[in-house]
Amino acid sequence: MTAPVVAVATDEGRPDFGPDDVDALADDLLAILGPRGVTSLPRALDRAARDGSGMSPILSAQDLGTPDLVCYPRTADVVPDIVRAAVARGVPITTRGKGTGNYGQVIPRFGGLVLDMTSLTEIQSVTERSVTAQAGARMINLEQAAWGRDSQLWMYPSTVQSTLGGFLGGGSAGTGTIVHGRNHQGFVDALDVVYATQDAEIVHLDGDDAQPFVHTYGVAGIIVSASVRVEPLQQWRCVYASFGSQREAFDAAFDLAAIEPKPRLLSADGAVVTAALPDDPALVRGRASVRGIVDARALDEATDLLVASGGRIEAVREGIAETVKLSTLSYNHPTWWLQKAQPGRWFHMEVRGDALVHRLEEVEQVYEGGMLHLEVGHQMMFGMLNGIYRNPAQVIDGVAALEELGVGVHSPHQWYVDLDADRVHALAQRTDPRGLLNPGRWM
Ligand SMILES: Cc1cc2nc3c(=O)[nH]c(=O)nc-3n(C[C@H](O)[C@H](O)[C@H](O)COP(=O)(O)OP(=O)(O)OC[C@H]3O[C@@H](n4cnc5c(N)ncnc54)[C@H](O)[C@@H]3O)c2cc1C
């Protein structure tokens, strides 16, 4: 199955449930969680119907769903009770972390129950190999806990306040990806998962058994806790360089990707996107920008390369607060800031391949006003191509032109399971036989 470039809301996959089932479930949840553990107040329902899909003008224009109930487990052991009750009533369950997923994949397409995991924040252990925490723990808190033990996470997203369960359920990459790839490529050591069956319990999965649940939007199981990989802490330096031209900046980022030890993060933007980022003397107005989290052992080589490529070193900073800050200027965030600076004007496409650098000018010409944000990914260039939004047809039309240039495209304007969808579908048929977990995610 290949996801369409643009998704249009239909009734495909709607479970058969009604208001009586919801009322009965509300009573069940009241008994399980008490009056503060479940709500149908409009403000809570409205909040649980939003996520980062506001970045897509195509998704924003559609009604993607509103829950009937939201519940807030405070201990992990009640999650199976909640699931058994929802399964018995035939009510769909959409699991929610911080709600920053940007494909609308946490918005309950057909209503039902939203299971808000943000109260389950316990960090249970940090060993030399992994950190183990409940699904609602924030990624920034895991990174801080790891630093406290002279370790660092293999990776974390630019949305550092997002949850462990949400990053594993809906995210894919971030700071650390240059070395370790995406989050379904060995980042997870073990998971505690709950399936949507009548006898739901917490199931512990190790190693290869856990991987199939990553990046599946919660359609195959609810992650209650997870162990994710850490490694010995490196001495990081945050390097900010400015350039007179975007071409020089992108070429420099491309070359910098080859230094050893590898950088933890490398991002580049032209002058317009750089100007939309938060005020910082190291982000010089009117100039392109390269930002990198670089190993201290490679700092001299990195700064020499940047200067030789036409760059000016604006700042070199260190410490966890600085590395996290630089991370929040990466991946989707430059697009987010650009959209904030000029609301309603921009859309973006996720793009990949060396052509992003080698054929930059042609890539940017595909969409009106085209401006590329560049990330160095795992053994490839990656980025967000921003364009002025006119209509869905214009967004779709650009894909063929990008592919002709040798650019791989992933559309952020659709909400379907997009990683090995056939495999995930087969898994979900076993773990969620009634199709109640986050339904509506199959194309
Ligand atoms: C400005 C911006 C920047 C971003 N940058 C990045 C980035 O650098 N890298 C990246 O990978 N993503 C990025 N994203 C996407 C998103 O922020 C991340 O994937 C984030 O880690 C999701 O976490 P969350 O807690 O907000 O999850 P949510 O949005 O709440 O959920 C995401 C998905 O996971 C499912 N889910 C949530 N919790 C669980 C659970 N416990 N068990 C099973 N399924 C669950 C949800 O149902 C949903 O389908 C960005 C988004 C925005 C808006």
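Residues numbered from 1 in each chain as written. Predicted model: local features only at pLDDT ≥ 70, side-chain atom pairs only at ≥ 80, totals over all residues. Heavy atoms only, no water.

1. Some remarks on the overall build of the protein chain
The criterion, for reference: Secondary structure counts use DSSP, requiring at least four H or I residues in a row for a helix and at least two E residues in a row for a strand, with both numbered from the N terminus. We take the radius of gyration over the C-alpha atoms and set the globule estimate at 2.2 Å times the residue count to the 0.38 power. Between buried and exposed lies partly exposed: a residue is buried under 20% and exposed over 50% of the maximum accessible area for its type, with that area taken using a 1.4 Å probe on protein chains only. Whether two residues touch is decided by their heavy atoms; if any such pair falls within 4.5 Å, the residues are in contact. In this tally Asp and Glu are treated as negative and Lys and Arg as positive; neither His nor the chain ends contributes. Charge coordinates come from a single atom per side chain, which is NZ of Lys, CZ of Arg, CG of Asp or CD of Glu.
Across its full length, the protein chain holds 16 helices and 18 strands. Relative to the 2.2 N^0.38 estimate, which gives 22 Å for 443 residues, the radius of gyration of the protein chain is 22 Å and therefore close to what a compact globule would have. Seen along its three principal axes, the alpha-carbon backbone of the protein chain occupies a region of about 70 × 50 × 35 Å. When each of the 443 residues of the protein chain is scored for burial, the buried share is 60%. Here the analysis covers contacts within the protein chain between residues at least 6 apart in sequence; of these, 75% occur between residues at least 24 apart. With 36 positive and 55 negative side-chain charges, the protein chain shows a separation of 5 Å between the mean positions of the two kinds.

2. Some thoughts on the pairing of strand β15 (residues 346-352)
Basically, it comes down to this: A pair of strands counts as paired when DSSP detects no fewer than two bridges linking them.
With 6 of 7 residues buried, β15 is to be regarded as a mostly interior element. Note: β15 against strand β17 (residues 381-388), 7 bridges, orientation antiparallel. By the bridge assignment for β17, Glu350 is matched with Met384. Pairing between β15 and strand β18 (residues 408-410): 3 bridges, direction antiparallel. Bridge pairing in β18 links Arg352 to Gly408.

3. Some points on the nonpolar core
Short version of the rule: Buried Ala, Val, Leu, Ile, Met, Phe, Trp, Tyr and Cys residues form a nonpolar core when they are joined through side-chain atoms within 4.5 Å.
The biggest cluster of nonpolar side chains holds 43 residues, and the ones touching the most others in it are Val351, Leu374 and Val407. Discounting residues that sit within four places of it in the chain, Val351 has contacts with Leu356, Leu372, Phe382, Gly383, Met384, Leu385, Leu402, Val407, Gly408 and Val409.

4. Quick look at the domain arrangement of the protein chain
The following threshold applies: All the domain ranges listed were derived from an automatic or database domain assignment. For any pair of parts, buried area is found by adding up, for both, the accessible area (1.4 Å probe) each one loses once the two are put together. Every case where a carboxyl oxygen of Asp or Glu lies within 4 Å of a side-chain nitrogen of Lys or Arg is listed as a salt bridge. N or O atoms within 3.5 Å of each other form a polar contact, as long as, within protein, one can give a hydrogen and the other can take it, and as long as residues adjacent in sequence are counted only when both atoms are side-chain atoms. Each residue is assigned to one of three groups, with Ala, Val, Leu, Ile, Met, Phe, Trp, Tyr, Cys and Pro labelled nonpolar, Asp, Glu, Lys and Arg labelled charged, and all others, Gly among them, labelled polar.
By the assigned domains, the protein chain splits into domain 1 (19-116), domain 2 (123-233 + 424-431) and domain 3 (236-410). With 19 residues of domain 2 at the contact, the number on the domain 3 side is 20 residues. Here domain 2 meets domain 3 over a buried area of about 1700 Å², counting both sides, of which 65% is carbon and sulfur. A per-residue breakdown of the area domain 2 buries against domain 3 is headed by Trp147, Ser158 and Ile178, which together make up 42% of the total. Viewed at the interface, domain 3 and domain 2 are joined by 1 salt bridge. At the junction of domain 2 with domain 3, the criterion picks out 8 residue pairs in polar contact (both at pLDDT 80 or more). The class makeup of the residues in the side of domain 2 that touches domain 3 is 8 nonpolar, 10 polar and 1 charged.

5. A closer look at the sheet that holds strand β13 (residues 288-295)
Put simply, the rule is: Lines fitted to C-alpha atoms define the axes, with helix axes restricted to the stretch in contact, and inter-axis angles between N-to-C directions lie between 0 and 180 degrees.
Strand order in the open sheet made by the 8 strands is β14-β11-β13-β12-β16-β17-β15-β18, with antiparallel pairing throughout. For this open sheet the edge positions go to β14 (312-317) and β18, each flanked by a neighbour on one side alone. Pairs of neighbouring strands in the sheet enclose a mean axial angle of 20°, with direction left out of account. Examined bridge by bridge, strand β16 (residues 371-376) and β17 share 6 bridges and lie antiparallel to one another. Counted as the bridge partner of Met371 is Asn386 from β17. Against the sheet, helix α8 (residues 246-256) contacts β11 (236-243), β12 (265-269), β13, β16 and β17, and its axis sits at roughly 165° relative to β12.

6. Here we look at the environment of Ser411
By the secondary structure assignment, Ser411 is in the loop between β18 and α16 (421-431). A relative accessible area of 7% means that Ser411 is categorised as buried. The sequence separation of Ser411 and Glu350 amounts to 61 residues, and the corresponding C-alpha distance is 6.1 Å. Ignoring any residue separated from it by four or fewer positions in sequence, one finds Ser411 in contact with Val5 and Met349. Reaching out from Ser411, the side chain makes a polar contact with the backbone oxygen of Val5 at a distance of 2.4 Å.

7. Structural notes on the site of the ligand
To keep it simple, the criterion reads: Each residue is tested against the molecule or strand, and it is near if at least one of its non-hydrogen atoms lies within 4 Å. For accessible areas, the Shrake-Rupley method is used with a probe of radius 1.4 Å. Any residue's cover is judged against the shown protein chains and nothing else.
Surrounding the ligand, one finds 35 residues, the nearest of these being Thr95, Gly97, Thr100, Ser172 and Ala173. Between an oxygen atom of the ligand and a main-chain N or O atom of Lys98, the distance comes to 2.8 Å. In this structure, Gly99 approaches the ligand through a main-chain N or O atom, which is 2.9 Å from an oxygen atom. Considering the ligand on its own, with 970 Å² of exposed area, one finds that the protein chains cover 97% of that surface. Elements with a minimum of two residues in the shell around the ligand: β3 (93-96), α6 (164-170), β10 (222-232) and α12 (333-341).

8. Thoughts on unusual backbone geometry
Residues Glu260 and Pro261 are joined by a peptide bond in cis, for which omega reads -10°. With respect to the secondary-structure elements, Pro261 resides in the loop between α8 and β12. Even without a glycine there, the phi angle at Tyr217 is positive, about 60°. Topologically, Tyr217 is positioned in the loop between β9 (202-206) and β10. Exposure remark for Tyr217: the relative accessible area of 6% places this residue in the buried category. Despite not being glycine, Asn438 has its phi angle at roughly 40°, a positive value.

9. Some details on the packing of helix α1 (residues 19-33) against helix α4 (residues 79-89)
Just so we agree on the cut-off: Oblique is the label for every angle not falling under 35 degrees (roughly parallel), over 145 degrees (roughly antiparallel), or within 65 to 115 degrees (roughly perpendicular). Throughout, a crossing is termed right-handed when the near helix is turned clockwise from the far one, and left-handed when it is turned anticlockwise from it by less than a right angle.
For the pair α1 and α4, interaxial distance at closest approach is 9 Å and the crossing angle is 160°. With respect to their mutual orientation, α1 and α4 come out roughly antiparallel. Along this stretch, α1 crosses α4, giving a crossing that reads as right-handed. Seen from α1, the contacting residues are Asp21, Ala24, Leu25, Asp28, Leu29, Ile32 and Leu33; seen from α4, they are Asp81, Ile82, Ala85, Ala86 and Arg89. The residue makeup of the contact of α1 with α4, split by class, is 8 nonpolar, no polar and 4 charged.

10. A word on the environment of Glu368
Inspection of the secondary structure assignment puts Glu368 in the loop between α14 (360-365) and β16. With near-sequence residues (within four places) excluded, Glu368 lies in contact with Gly387, Ile388 and Arg390.

11. A few points about the side chain of Gln414
Along the chain, Gln414 turns up in the loop between β18 and α16. A distance of 3.2 Å separates the side chain of Gln414 from the backbone oxygen of Ser411, its partner in a polar contact. Here Gln414 is in contact with Ala3, Pro4, Val5, Ala7, Leu59 and Tyr103, once residues within four sequence places are set aside.

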